[in-house]
Amino acid sequence: MKKLCKILLLCGLVFMTGCAKEEAKPAKESTTLHIVVNNDKKEILNKDITVEGNVQTLEEFLEKADELNAKLTDSKYGKRLDGILDIETKDWNKGPWWLYSSTTNKDCKENNMCPAASELKIENGDDFTFNFTK
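Quick notes on the rules
Residues numbered from 1 in each chain as written. Predicted model: local features only at pLDDT ≥ 70, side-chain atom pairs only at ≥ 80, totals over all residues. Heavy atoms only, no water. Pairing = 2+ DSSP bridges. Helix = DSSP H or I, 4+ residues; strand = E, 2+ residues; numbered from the N terminus. Axes fitted to C-alpha atoms, helices over the stretch in contact; angles between N-to-C directions. Buried < 20%, exposed > 50% of the residue type's maximum accessible area, 1.4 Å probe, protein only.

**Some words on the sheet that holds strand β7 (residues 127-133)**
Within a sheet, each strand pairs with its neighbour through backbone hydrogen bonds, oriented either parallel or antiparallel. Read from one edge to the other, the open sheet built from 4 strands follows the order β2-β1-β7-β6, with strand pairing classed as mixed. Both edges of this open sheet fall to β2 (42-52) and β6 (97-101), since each of them pairs with a single strand only. Averaged over all pairs of adjacent strands, the angle between strand axes in this sheet comes to 20°, irrespective of strand direction. Pairing analysis gives 6 bridges linking strand β1 (residues 30-39) to β7, with the strands arranged parallel.

Here it is as structure tokens:
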């Protein structure tokens, strides 16, 4: 009986010690994309940009990438890119417009074009080129 009591006491102490330990905090998630921005074929940005948090689509990345100052609006085809770096489409009938492409993104490569930003799944390390052009 003494042996059983000692075992139970020891198990209780081990259990309480385990409960008192601070839980490991999950690693902070971030996503880095290589971004190139061209205005009328002139490169105005070419760098890796990292956003913190869990982002899965290009829309989410653009909304969190403060330094890009992206402007997105809803359209019948998904999110439409209206502006980057304070350069915006003024007249949607005449342009110029923001177009984007990627040489590494799976969805863009499989479709030979990138889908709407709200539908476009991204992966850490993808590259995207944004062109403001007619």
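**Here's the deal with the pairing of β1**
Inspection of the sheet shows β1 paired to β2 by 10 bridges, in the antiparallel sense. Bridge pairing in β2 places Asn38 opposite Glu43. Hairpin connection from β1 to β2: 2 residues lie between these consecutive antiparallel strands, with Asp40 at a positive phi of about 50°.

**A word on unusual backbone geometry**
Each neighbour pair has its own omega, and for Gly95 with Pro96 the value is 0°, a cis peptide bond. Here Pro96 lies in the loop between β5 (87-88) and β6. Positive phi, close to 50°, is recorded for Asp40, a residue that is not glycine. Here Asp40 lies in the loop between β1 and β2. Classification of Asp40 as exposed rests on a relative accessible area of 61%.

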